Amino acid sequence: MTADEILDEWNQMDAARAAEIILPCNGSPGWAKDVARMRPFAGAKELFTASDRVWLALPKSGWQEAFNSHPRLGESGAKAATRKSLSWSAHEQSAANPDDATREALAKANREYEAKFGRIFLLCATGRSAQEMLM
């Protein structure tokens, strides 16, 4: 199935199902519902523009929901995540393969970042080693 076919199928779903399908992409139920409510989209560019607009309009609590749906670097669980988003995160971090010392260094860096900024550190980990994530 092509991306356009997937988008066409998603455009035709009822709003609740469409929000459920898109939720793992962000993690904020408010974001998912608002993006689903804006359908139909003619293409990916229109969807991404709407997604950004909804994201920027979310209250701080909506952003926190999204952050809470992502595992910390070097971990596999999250405060609130869908099975699909955890699967994506596990695949993204699969190349890291940290040893015990690196896992502890990641945990320490995660704690320090959270203490300073009040949320987890997000990074696209695809193809990065654990050492690269620590830099």
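See above for the structure.
Residues numbered from 1 in each chain as written. Predicted model: local features only at pLDDT ≥ 70, side-chain atom pairs only at ≥ 80, totals over all residues. Heavy atoms only, no water.

1. Description of the packing of helix α3 (residues 29-37) against helix α4 (residues 44-57)
What describes two packed helices is the angle between their axes and the distance between those same axes.
Thought 1: Their axes nearest at 9 Å, the elements α3 and α4 cross at an angle of 135 degrees. It follows that α3 is oblique to α4 by the angle criterion. Like other packed secondary-structure pairs, α3 and α4 cross with a definite hand, here right-handed. The residues of α4 that touch α3, namely those facing Trp31, Asp34 and Val35, are Leu47, Ser51, Val54 and Trp55.
Thought 2: A per-class count over the contact of α3 with α4 returns five nonpolar, one polar and one charged. (Axes fitted to C-alpha atoms, helices over the stretch in contact; angles between N-to-C directions. Helix = DSSP H or I, 4+ residues; strand = E, 2+ residues; numbered from the N terminus. Parallel < 35°, antiparallel > 145°, perpendicular 65-115°, else oblique. Left-handed = near helix turned anticlockwise from the far one by under 90°. Contact = heavy atoms within 4.5 Å. Nonpolar A, V, L, I, M, F, W, Y, C, P; charged D, E, K, R; others polar.)

2. Here we look at the pattern of salt bridges
Thought 1: Scanning all chains against the criterion turns up four salt bridges.
Thought 2: A salt bridge links Arg17 to Glu20, with the nearest nitrogen and oxygen atoms 2.9 Å apart. Within this pair, Arg17 and its partner Glu20 are both found in helix α2 (residues 15-22), separated by three residues, close to a single helical turn.
Thought 3: You can call Arg17 partly exposed: its relative accessible area is 35%. (Salt bridge = Lys/Arg side-chain N within 4 Å of Asp/Glu carboxyl O. Buried < 20%, exposed > 50% of the residue type's maximum accessible area, 1.4 Å probe, protein only.)

3. Here's the deal with unusual backbone geometry
Thought 1: With omega at 5 degrees, the peptide bond leading from Arg39 into Pro40 counts as cis.
Thought 2: Its place among the elements puts Pro40 in the loop between α3 and α4.

4. Let's talk about the packing of aromatic side chains
Thought 1: Per the counting criterion, the structure on display carries five aromatic pairs.
Thought 2: Relative to Phe67, the ring of Trp55 lies with its centre 6.3 Å away and its plane at 80 degrees, an arrangement referred to as edge-to-face. Taken together, the positions of Trp55 in helix α4 and Phe67 in helix α5 (residues 60-68) put the pair 12 residues apart, joining distant regions of the chain.
Thought 3: In this structure Trp55 comes out as partly exposed when scored by relative accessible area, which is 22%.
Thought 4: When the centroid spacing of 5.1 Å and the interplanar angle of 70 degrees are considered together, the rings of Tyr113 and Phe121 count as edge-to-face.
Thought 5: Taking relative accessible area as the criterion, Tyr113 reaches 24% and is therefore assigned partly exposed.
Thought 6: An aromatic cluster of three or more residues is present, and its members are Trp55, Trp63 and Phe67.
Thought 7: The residue whose ring lies beneath Arg39 is Trp10, and the NZ or CZ to ring-centre distance is 5.3 Å. (Phe/Tyr/Trp six-rings, centres within 6.5 Å; stacked < 30°, edge-to-face > 60°. Lys NZ or Arg CZ within 6 Å of the ring centre and 35° of its normal.)

5. Points about the packing of α2 against α3
Thought 1: Relative orientation of the contacting elements α2 and α3 amounts to 130 degrees, with a least axis distance of 8 Å. As far as their axial angle goes, α3 and α2 are oblique. Classified by chirality, the crossing of α3 by α2 is right-handed. Side by side, α2 and α3 meet where Ala15, Ala18, Ala19 and Ile22 of the first sit next to Trp31, Ala32, Lys33, Val35 and Ala36 of the second.
Thought 2: Class assignment for the residues of the contact of α2 with α3 results in eight nonpolar, no polar and one charged.

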